[in-house]
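Examining the three-dimensional arrangement
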Amino acid sequence: MELPLARYQCISLDQIHTSSSFPSSNHKVLRTKPFFSGYCFRFGGRKLNNPFDKIKCVSPEQGLQPRRPKPKPSRTSDPELKGTEETRVKKPSVGICSQIEKLVLCNRYREALELFEILEIEGGFDVGLSTYDALVSACIRLGSVRAVKMVCGHMINNGFEPDQYMSNRVLLMHVKCGMMIDARKLFDEMPERNFVSWNTIIAGLVHIGDYLEAFRLFMIMWEEFSGCGIRTFALMITASAGLELISVGRQLHSCAVKMGVNDDVFVTCALINMYGKCGSIEDARWVFDDMPQKTTVGWNCIIAGYALHGYSEEALSMFYEMRDSGVKMDHFTFSMIFSICSRLASIEHAKQAHAGLVRSGFGLDIVANTALVDFYSKWGRIEDAQRVFDRMPCKNTISWNALIAGYGNHGRGAEAVDLFEQMLKERMRPDHVTFLAVLSACSYSRLFECGWEIFQSMSRDHKIKPRSMHYTCMIELLGQEGLLDEALALIRGAPFKPTVNMWAALLTASRVNENLELGKFAAEKLYGMKEHKKLCNYAVLLNIYKRSGKLKEAATLLQTMERKGLIMLPVCSWIEVNKKTHVFYTVDKRRIQTNEIYQKVDSLILEISKHGYVPKEKTFLPDVDEQEQHVLLYHSEKLAIAFGLLNTMNGSPLQIMQNHRICNNCHNAIKLIALVTRREIVVRDASRFHYFKDGSCSCGDYW
DNA sequence: TTAGGGTTAG
């Protein structure tokens, strides 16, 4: 049998733009359902096989039983019929089917499926459309592949022939339970497809990130129907967001305007999401402002757009606007807010949002709680993070990762490793982020042997190939042990081209071990690398040029950065006090309390000097000059800490954020400030998390 | 008539 899709070859991005099938203003969007209801696809003029035939959902020993004629449902309750053969067989199944449907209506999906399973084992009972519909709902809600196979197996054995509605429901069940291969088979072999069938399979493809295939089907659908439904439009806008193809998204947007469907709430939300994901937040805001009635999802989309591109303050401000507008906030809103608060280090806003989450009835949501675990652990409250984690009714890999990273960031590497082992015992599957979290924890806590064993187990036991970040962690671990030759060998033995971060880690290890020769070698490798497309990579190289006195190269690099539109933000640190964020720049004399802040820094430096602090950076590369030494005393983080000490209560931890990497000198200074003031200080810099307490830091004296 | 679509976490 030739599948209808076979005549369409693989699609490319250019084809999406230029294909004659792609929407233009000459097409119309088909709004009315009746036009399509009953529309029948009969490819090649012949009706295709039963869609269930290709699904292998029956155990081998059970085999396919011969189809029995579909029984007429017995709806009588006449007591006189109780004694007949027919009612003796059917009556129990009707009652039980009704019970299954009632359980599903009460959201007791697991019990409904358990009851169905018991009867399925016993065999010999009939199920009608409404019961199958309820079972499909239960499978969708539980996402259980096993349940899907059980229900489909029963349909086949029972000789059930689904109508258009039920075919679509079964298709949706496979899509929602992640059985996309089976779903695709079902779709390709469906005797009849309507808009819902097409939308269901396209939505599944978009969901798993197969955007090109989604576009391919969309074009076939467009050609077959000479148009598409409004909902398909929303899906394809989401697909263009996934591909980050703003030009395709704009094409669909202009098409939507010409067809007069741009005011549809789903299209609008998809557009806000698309512009936000493609980095055009102004366009996203424009669409959002134009929304006649702003829905929860609309607000969520615009907040996500701001948050995605680092406009955390604007995102938070939109959150409060949303609250004031009276629109109901949902678990999506709260999940984003916790993530935003963790970036802003905003405990007060997060506390309010946590209370709002509990009040809203989404207190058990897995995503919102995972974001909360991450927030508390980043804010230095690992016990609170553990408490939230313990109360979660179900956890996934991301939840475990958040807590493992939290322990690691607090310098509690042994507990992070214990948690990782517990995760494995509970049969939760680790992913590459889990290994990154646990290897970072080993690196912070100098657990070399443990880290090495876990690194080895990645590919050996878990079939996960180590990525450059995992290699970077191992280079740091080897460097801390003074095993520089082994670190170099690891880089050379990597199955991919060493990255900037790997060479930078070796350079740091060389600095720590004062191995000038290897340090120069690593630095030369960095100089020679061409693929510096990210701002942070340019910044690493720029610092190396500056520190090694290669000022000409540094100037050339700055020119290149300007040409590429990469702007270096001014170096700053910030702290939240009394719900307000205070930003500090190095040698910043424009603020209120300026004199007090500088006096506080001076007194702190005097105090910590008694504990061995030297206001000079230790490096084997050329030292900074005298003027820079003076500046070093008033680096932005020191000013932020002084402000925090002046304006917060004794005992509360100080949370400092900075947009750059903390320098060695400030790192040593803050360790001693934490010691003499008996305050916990949490600093999140551009690359790491530093938890200062009692004269030590969680990062394991990285510098 | 039903059913399908848009937003979130490490």
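Each residue is numbered by its place in its chain's sequence as written, counting from 1. The lettering of chains begins at A and the numbering of ligands begins at 1, in the order of writing. The predicted nature of this model means local features are confined to residues of pLDDT at least 70 and side-chain atom pairs, given and counted, to a pLDDT of 80 or more, with totals for whole chains, interfaces and linings taken over all residues. No hydrogens and no water enter the side-chain calculation; it runs on all heavy atoms of the structure.

Under the convention used in this document: UniProt positions are given in the numbering used here, feature names are shortened, and annotations may be inferred rather than shown by experiment.
The name recorded for chain A in an unreviewed UniProt entry is DYW domain-containing protein, from Corchorus capsularis. Database annotation for chain A, UniProt heading Sequence similarities (unreviewed entry): "Belongs to the PPR family. PCMP-H subfamily."

Thoughts on the nonpolar core
Threshold: Throughout this description, the term nonpolar core refers to a set of buried Ala, Val, Leu, Ile, Met, Phe, Trp, Tyr and Cys residues connected via side-chain atoms within 4.5 Å. Here the term buried applies to any residue with accessible area under 20% of the maximum for its type, exposed to any over 50%, and partly exposed to those in between, with areas from a 1.4 Å probe on protein chains only. Contact between two residues is taken to exist if any of their heavy atoms lie within 4.5 Å; hydrogens are not considered.
Core analysis: the largest hydrophobic core is formed by 169 residues, its most contacted members being Ile202, Phe233, Met236, Ile302, Ile303 and Leu506. Excluding its chain neighbours within four sequence positions, the residues that come into contact with Met236 are Ile202, Ala214, Phe215, Phe218 and Leu252. Grouped together as the second largest cluster of nonpolar side chains are 34 residues, Tyr598, Leu604, Ala640 and Ile681 included.

Brief notes about the protein's contact with DNA strand B
Cut-off, in case you're wondering: A single heavy atom is enough: if one lies within 4 Å of a molecule or strand, its residue is considered near that molecule or strand. In the analysis that follows, any N or O atom pair within 3.5 Å is treated as a polar contact, provided that within protein one partner can donate a hydrogen and the other can accept it, and provided that, for residues neighboring in sequence, both atoms belong to side chains. Numbering of helices and strands runs from the N terminus; a helix is a DSSP stretch of H or I covering at least four residues, while a strand is a stretch of E covering at least two. Side-chain classes follow a simple rule in which Ala, Val, Leu, Ile, Met, Phe, Trp, Tyr, Cys and Pro form the nonpolar group, Asp, Glu, Lys and Arg form the charged group, and the remainder, Gly included, forms the polar group.
Not every one of the 39 residues close to DNA strand B is listed here, only the nearest: Asn199, Arg231, Phe266, Asn300 and Asn401. Each atom of DNA strand B within 4 Å of the protein belongs either to a base or to sugar and phosphate, the latter forming 31%. Contact between DNA strand B and Ser335: a base oxygen at 2.7 Å from a side-chain N or O atom of the residue. Contact distances for DNA strand B include 2.7 Å between a base nitrogen and a side-chain N or O atom of Asp431. Of all the elements in the fold, those that place two or more residues in the surface near DNA strand B are helix H6 (164–176), helix H8 (195–207), helix H10 (230–242), helix H12 (265–277), helix H14 (296–308), helix H16 (331–344), helix H18 (366–378) and helix H20 (397–409). Partitioning the surface near DNA strand B into residue classes produces 17 nonpolar, 15 polar and seven charged.

Description of the UniProt feature "repeat: PPR" (unreviewed entry) in chain A
Those places that UniProt annotates as "repeat: PPR" (unreviewed entry) correspond, in this numbering, to residues 128–162, 163–197, 264–294, 295–329, 396–430 and 534–568. Between the C-alpha atoms that bound residues 264–294 there is a distance of 11 Å. The span itself is 71% helix and 0% strand. Counted over residues 295–329, helix gives 77% and strand 0%. Its end C-alpha atoms are 10 Å apart.

Some thoughts on the state of the cysteines
Our working rule: Counting rule for disulfides: a pair of cysteine sulfur atoms within 2.5 Å.
Counted according to the given criterion, the structure contains zero disulfides. Free of any disulfide, Cys97 has its nearest cysteine sulfur in Cys139, 14 Å distant. Unpaired in terms of disulfides, Cys442 finds its nearest cysteine sulfur in Cys450, a separation of 4.4 Å.

Considering the packing of aromatic side chains
Worth spelling out the cut-off: Pairing of aromatic rings covers Phe, Tyr and Trp, the last counted by its six-membered ring, and requires centre-to-centre distances within 6.5 Å; plane angles under 30 degrees mean stacked, over 60 mean edge-to-face, and any other angle means tilted. Working rule: Lys NZ or Arg CZ, within 6 Å of ring centre, within 35 degrees of ring normal, means a charge sits over the ring.
In the structure shown here, the tally under the stated rule is 19 aromatic pairs. On the basis of an interplanar angle of 20 degrees and a centroid distance of 6.4 Å, the ring pair of Phe448 and Trp452 is categorised as stacked. Here Trp452 and Phe448 lie together in helix H23 (residues 448–461), a separation of four residues that amounts to about one turn. On the basis of relative accessibility, which here comes to 19%, the residue Phe448 falls in the buried class. Members of the aromatic cluster, connected to one another through ring pairs, are Phe448, Trp452, Phe455, Tyr471 and Phe496. When the ring centre of Phe187 is taken as origin, the NZ or CZ atom of Arg193, which lies over that ring, is 4.3 Å away. In this structure, Lys395 packs its charged tip against the face of Phe389, placed 5.0 Å from the ring centre.

Topic: the packing of helix H24 (residues 468–480) against helix H26 (residues 500–512)
How two helices sit against one another is set out by the angle between their axes and by the gap between those axes. Put simply, the rule is: Think of each axis as a best-fit line through the C-alpha atoms, taken over the contacting stretch in the case of a helix, with angles from 0 to 180 degrees between the N-to-C directions. Note on angle classes: values under 35 degrees are labelled roughly parallel, values over 145 roughly antiparallel, values of 65 to 115 roughly perpendicular, and the remainder oblique.
Interaxial distance between H24 and H26 falls to 9 Å at its minimum, and their mutual angle equals 10 degrees. Judged by the angle between their axes, H24 and H26 are roughly parallel. Contacts from Ser468, Met469, Tyr471, Thr472, Ile475, Glu476 and Gly479 of H24 reach H26 at Asn501, Met502, Ala505, Leu506 and Ala509. When grouped by side-chain class, the residues that make up the contact of H24 with H26 number seven nonpolar, four polar and one charged.

Some details on unusual backbone geometry
Of note, Arg427 is a non-glycine position whose phi angle comes to about 60 degrees, a positive value. Phi is positive for Lys463, which is not a glycine, with a value near 55 degrees.

Structural notes on the pattern of salt bridges
The criterion, for reference: Only one rule defines a salt bridge in this text: a Lys or Arg side-chain nitrogen within 4 Å of an Asp or Glu carboxyl oxygen.
Applying the stated criterion across every chain, the model contains 18 salt bridges. A salt bridge links Asp461 to Arg460; its shortest N-O distance comes to 3.1 Å. Judged by relative accessible area, Arg460 falls into the partly exposed class, the value being 42%. Look at the salt bridges and you will find they share partners, linking Arg184, Asp188, Glu213 and Arg216 into a network.

Regarding the domain arrangement of chain A
This is how it is decided: As annotated, the domain borders come from an automatic or database domain assignment.
Entries for chain A in the domain assignment read domain 1 (49–190), domain 2 (192–328) and domain 3 (572–697). Placing a centre on the C-alpha atoms of domain 2 and another on those of domain 3 gives a separation of 44 Å.

A closer look at H6
Because each turn of an α-helix spans 3.6 residues, side chains separated by three or four positions in sequence point in the same direction. Operational definition: For a helix, the expected span equals 1.5 Å multiplied by the number of residues minus one.
Here H6 spans 18 Å end to end across 13 residues, near enough to the 18 Å set by a 1.5 Å rise per residue. Within the sequence span of H6, burial applies to Gln164, Met166, Ser167, Asn168, Arg169, Val170, Leu171, Met173, His174 and Val175. Considering only its buried residues, H6 is in contact with helix H4 (129–142), helix H5 (145–157), helix H7 (180–188) and H8. Immediately downstream of H6, the backbone of Gly178 shows phi near 75 degrees, a positive value.

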